Amino acid sequence: MRVLVTGHNGYIGSVMARVLSDAGHDVSGVDSYLFEECTFGDPTSDIPSFKADMRDLEVSDLDGFDAVIHLAAVSNDPLGNLNPQGTYDINHLASVRLARLARRAGVRRFPFASSCSLYGVSDGDALLPVDSAFEPMPPYGESKVLVERDVSALATDDFSPVYFRNATAYGVSPRLRADIVVNSLVGYAFTTGEIRIESDGTPWRPLVHIEDISRAFLAALEAPREVIHNQAFNVGQSRENYRISEVADMVLAVVPGSRVTYAAGGGPDPRCYRVDCTKIARLLPSFRPGWTVPDGVRELYDAYRRHGLTYEEFVGSQSRYLRIKHIQRLQQAGRLDRDLRWTANVIHADAVPVGAAQ
Ligand SMILES: NC(=O)c1ccc[n+]([C@@H]2O[C@H](COP(=O)([O-])OP(=O)(O)OC[C@H]3O[C@@H](n4cnc5c(N)ncnc54)[C@H](O)[C@@H]3O)[C@@H](O)[C@H]2O)c1
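Everything in this summary refers to the structure shown in the same document. Treat the numbers as computed from the prediction; the structure is a model and nothing was measured.

Cut-offs and rules
- Residues numbered from 1 in each chain as written.
- Predicted model: local features only at pLDDT ≥ 70, side-chain atom pairs only at ≥ 80, totals over all residues.
- Heavy atoms only, no water.
- Pairing = 2+ DSSP bridges.
- Helix = DSSP H or I, 4+ residues; strand = E, 2+ residues; numbered from the N terminus.
- Axes fitted to C-alpha atoms, helices over the stretch in contact; angles between N-to-C directions.
- Contact = heavy atoms within 4.5 Å.
- Parallel < 35°, antiparallel > 145°, perpendicular 65-115°, else oblique.
- Left-handed = near helix turned anticlockwise from the far one by under 90°.
- Nonpolar A, V, L, I, M, F, W, Y, C, P; charged D, E, K, R; others polar.
- Near = heavy atom within 4 Å.
- Polar contact = N/O pair within 3.5 Å; in protein donor to acceptor, adjacent residues only side chain to side chain.
- Areas by Shrake-Rupley, 256 points an atom, 1.4 Å probe, with all protein chains shown as cover.
- Buried < 20%, exposed > 50% of the residue type's maximum accessible area, 1.4 Å probe, protein only.

Strand order across the open sheet formed by 7 strands is β3-β2-β1-β4-β5-β7-β11, with parallel pairing between neighbours. Of all strands in the sheet, those bounded by a partner on one side alone are β3 (49-51) and β11 (231-235). Strand-to-strand twist across the sheet, computed as the mean angle between neighbouring axes with direction ignored, equals 20°. Strands in contact with helix α4 (residues 84-104) are β1 (2-6), β4 (67-70) and β5 (109-115); relative to β5, the strand with the most contacts, it is inclined by about 165°. In this fold helix α5 (residues 140-152) packs onto β5, β7 (160-166) and β11, with an angle of close to 155° to the strand it touches most, β5.

Structure, rendered in structure tokens:
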């Protein structure tokens, strides 16, 4: 299948591009390369790609693709809060526009990276199935709800959107993120000896490895159309919901000499939910997740050790792994504007012209 991945240069996209290519798909990417300098370990896959802002894409950019996997977004709450209207413009309006363009270009499948954060705070310990009520935090969580609502209205016999509500991701990527819980706890433990918990440790969080997220999207490309057509799936495994304090204990067991600390005044987190992933296991049997959080903690610890990760580059003033710090640095240097547009024509080393590599 000819597949275009938006956001292929990001944390999940740079792993997904490899997983889809390894499975035999003809994969291209489009990205505005906000995090090109946020390198970690191995280089990204050499797939044909082009630099563009998704707000500016045209039908002709999507011609000839069988599927568009849509990952590009302002990807967390703190970043979303920097410019809420800009976040809605990119995450909501540009995503719906992209789906319309894809449909006009004859693209048949449109797997979209939604998020379990649209469930927000849940009562008690119940596992939330996909038809649960939404309690999203604006603008990030809410933008995902709005895309699901508006793109579902575009579904036709020839155009099948599918909404993957990813659990919180973890794992090693050439575009590492330090602002997601497992990566962060292991990084703090490795660079400072402290497993630093910002809440009281009680909140539940569903967790999923980025390779397993990639396998879910792969399964969506290969499943019979009627199985995925306009469907939402929680992406993860029901048994991989953990309290933050449990994750901390897993890190404690792996990182020698580490100890757990709680930030002063940390109460329950406003985001707390457990999700039910039985639907994806039942309807997409080719989705076979291979990771557990303890395995992921070991993978991260080994990678941080191998690459000699330092506190300063992980979360210090020069951090390139905290999405918000990196964006603020680009903006303070005048390279990126408030709406996350580059101010000058920056050359992106990773972009391989689509034509050139075919
Ligand atoms: N990482 C997680 O825990 C998680 C969980 C649930 C859902 N998601 C969703 O998965 C997707 C990917 O997340 P990620 O963790 O890889 O984030 P990321 O920030 O690492 O990557 C996002 C990519 O999108 C690109 N991008 C942003 N705005 C763009 C624009 N206007 N035009 C073109 N490209 C643009 C960035 O340059 C970047 O490469 C996002 O939609 C995110 O909301 C992530």
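The next point concerns the sheet that holds strand β8 (residues 168-170). Spatially, the 3 strands line up as an open sheet ordered β8-β10-β12, and their pairing is mixed. Two strands in the sheet have a free side with no partner beyond their single neighbour: β8 and β12 (241-243). Put simply, the sheet's adjacent strands are angled 50° from each other on average, direction ignored. Note that strand β10 (residues 204-209) and β12 share 3 bridges and pair antiparallel. Across the sheet, the residue bridging to P206 is N241, located in β12. Against the sheet, helix α7 (residues 210-222) makes contact with β8 and β10, and its axis sits at roughly 75° relative to β10, the strand it touches most.

On to the packing of helix α1 (residues 13-22) against α7, then. The N-to-C vectors of α1 and α7 enclose an angle of 50°; their axes lie 9 Å apart at closest approach. When the axes of α1 and α7 are compared, the pair comes out oblique. Crossing handedness for the pair α1 and α7: right-handed. Mapping the contact onto sequence places V15, M16, R18, V19 and L20 in α1 and I210, E211, I213, S214, F217, L218 and L221 in α7. Each residue belonging to the contact of α1 with α7 can be placed in one class, and the counts come to 9 nonpolar, 1 polar and 2 charged.

What follows concerns the site of the ligand. Contacts to the ligand come from 31 residues, most closely from D31, L71, S75, Y140 and R177. The contact in question runs from an oxygen atom of the ligand to an N or O atom on the side chain of D31, over 2.6 Å. Relative to its unbound accessible area of 840 Å², the ligand is 98% covered by the protein chains. Contributions of two or more residues to the shell around the ligand are made by β5, α5 and β8. With 3 residues, β5 is the single largest residue contributor to the shell around the ligand. Residues belonging to the shell around the ligand are distributed by class as follows: 16 nonpolar, 9 polar and 6 charged.

Further remarks concern unusual backbone geometry. Cis geometry marks the peptide bond from P138 to P139; its omega dihedral reads -10°. Positionally, P139 belongs in the loop between β6 (127-128) and α5. Here N230, not a glycine, exhibits a phi torsion of approximately 60°, which is positive. In this fold, N230 is placed in the loop between α8 (225-228) and β11. The exposure class assigned to N230 is partly exposed, which follows from its relative accessible area of 26%. Within the chain, L340 stands out as a residue other than glycine whose phi angle is a positive 65°.

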